[in-house]
Amino acid sequence: WPFWSADGSALGYFANGKLKRTDLAGGSPRTICDAPSGRGGSWKGDVILFAPIMSGAIFRVSASGGTPEAVTVLDTNRQEIAHRWPQILPDGRHFLFFIQSEKEEVRGSYLGTLGSSTHALVSNGDTTAIYSSGQLVSLRDGALVGQRFDVGSGRLKGDALHIGDRVSFDRTHGIANFSASESGTLVYLAGNWK
């Protein structure tokens, strides 16, 4: 589950139970911290958010390394299993992440704020949504759709725009096979909806 630094100069990734980084200018890979079986990461400035599967929560760590600290906590009353696939939004304060839960009404993408333990549901569903160029892109009944998203209010606006059909989806990990850049370029893998 590799992920880019916001400026595109480095790549973060998980290997051998560690979160690592490689600078594209060269040099050896560097270990940032322990991160067993990572399930997504996001990097903006000096902040990396990542999801090690063993704890179930989202963690924050400096891109130069250090001790990670939890930014989310599983709510067992809501039968939450894991928090995964974080994405730091362009303002650097807010982030999206996916909550996997036994309860269908809890499962979905949430908006969190760094420095706060509260988060709000943005989009229900079995897969994470991603932010790109003012839009929240998500999978709804096997179709990829985009909808305007106001980061400040955490609300979707206007009607959803159909982007594509039959997007490959991995229900076990709560992720569909699509990605979008901050500039709005989008790619997806067509396939079966598992």
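The preceding data block contains the structure.
Residues numbered from 1 in each chain as written. Predicted model: local features only at pLDDT ≥ 70, side-chain atom pairs only at ≥ 80, totals over all residues. Heavy atoms only, no water.

Visitor: So, the environment of Asn-177: which residues are in play, and what are the values?
Guide: Checked against the element boundaries, Asn-177 lands in the loop between strand E18 (175–176) and strand E19 (178–180). C-alpha of Asn-177 to C-alpha of Leu-189: the two residues are twelve residues apart in sequence and 5.5 Å apart in space. Residues contacting Asn-177, with those up to four places away along its chain left out, are Val-167, Ser-168, Phe-169, Tyr-188 and Leu-189. (Helix = DSSP H or I, 4+ residues; strand = E, 2+ residues; numbered from the N terminus. Contact = heavy atoms within 4.5 Å.)

Visitor: Could you give an account of the pairing of strand E6 (residues 47–52), with specific residues and numbers?
Guide: Within E6, six of the six residues are buried, leaving the element largely enclosed by the surrounding structure. A two-sided burial pattern is seen for E6, the buried positions comprising Val-47, Leu-49 and Ala-51 on one face and Ile-48, Phe-50 and Pro-52 on the other. Note that strand E5 (residues 38–44) and E6 share five bridges and pair antiparallel. Directly across from Gly-38, in E6, lies its bridge partner Pro-52. Two elements, E6 and strand E7 (residues 59–62), share four bridges in a ladder whose sense is antiparallel. Directly across from Val-47, in E7, lies its bridge partner Ser-62. Where E6 folds back onto E7 in an antiparallel hairpin, the turn is made up of six residues, including Gly-56, whose phi is positive at roughly 85 degrees. (Buried < 20%, exposed > 50% of the residue type's maximum accessible area, 1.4 Å probe, protein only. Pairing = 2+ DSSP bridges.)

Visitor: Which residues make up the environment of Leu-156, and what values go with them?
Guide: Relative to the helices and strands, Leu-156 is located in strand E16 (residues 155–164). Note on Leu-156: relative accessible area 28%, which makes it partly exposed. Taking the C-alpha atoms as reference points, Leu-156 and Asp-75, 81 residues apart in sequence, are found 25 Å from one another. In this view, Leu-156 contacts Val-122, Leu-136, Arg-140, Gln-147, Arg-148 and Phe-149; residues no more than four positions away in its chain are not counted.

Visitor: For unusual backbone geometry, give the residues involved together with the corresponding values.
Guide: Apart from glycine, the bulk of residues carry a negative phi angle, and the bulk of peptide bonds sit in the trans form. A positive phi angle, near 55 degrees, is found at Asn-16, a position not held by glycine. Tracing the sequence through the fold places Asn-16 in the loop between strand E2 (10–15) and strand E3 (18–23). Among the residues examined, Asn-16 registers a relative accessible area of 73% and is labelled exposed. Located in the positive-phi region is Gln-79, a residue other than glycine, with phi close to 55 degrees. Relative to the elements of secondary structure, Gln-79 occurs in the loop between strand E8 (69–70) and strand E9 (80–88). For Gln-79, a relative accessible area of 37% puts it in the partly exposed group.

Visitor: Tell me about the pattern of salt bridges, and name the residues and values.
Guide: Going through the model one piece at a time under the given rule, you end up with five salt bridges. Asp-23 is the partner of Arg-21 in a salt bridge, and the nearest nitrogen-oxygen pair spans 2.8 Å. Owing to a relative accessible area of 22%, Asp-23 belongs among the partly exposed residues under this scheme. Between Arg-78 and Glu-80 there is a salt bridge, with the nearest N and O atoms lying 2.9 Å from each other. Accessibility expressed as a relative area gives 26% for Arg-78, which makes it partly exposed. Judged by relative accessible area, Glu-80 falls into the buried class, the value being 7%. (Salt bridge = Lys/Arg side-chain N within 4 Å of Asp/Glu carboxyl O.)

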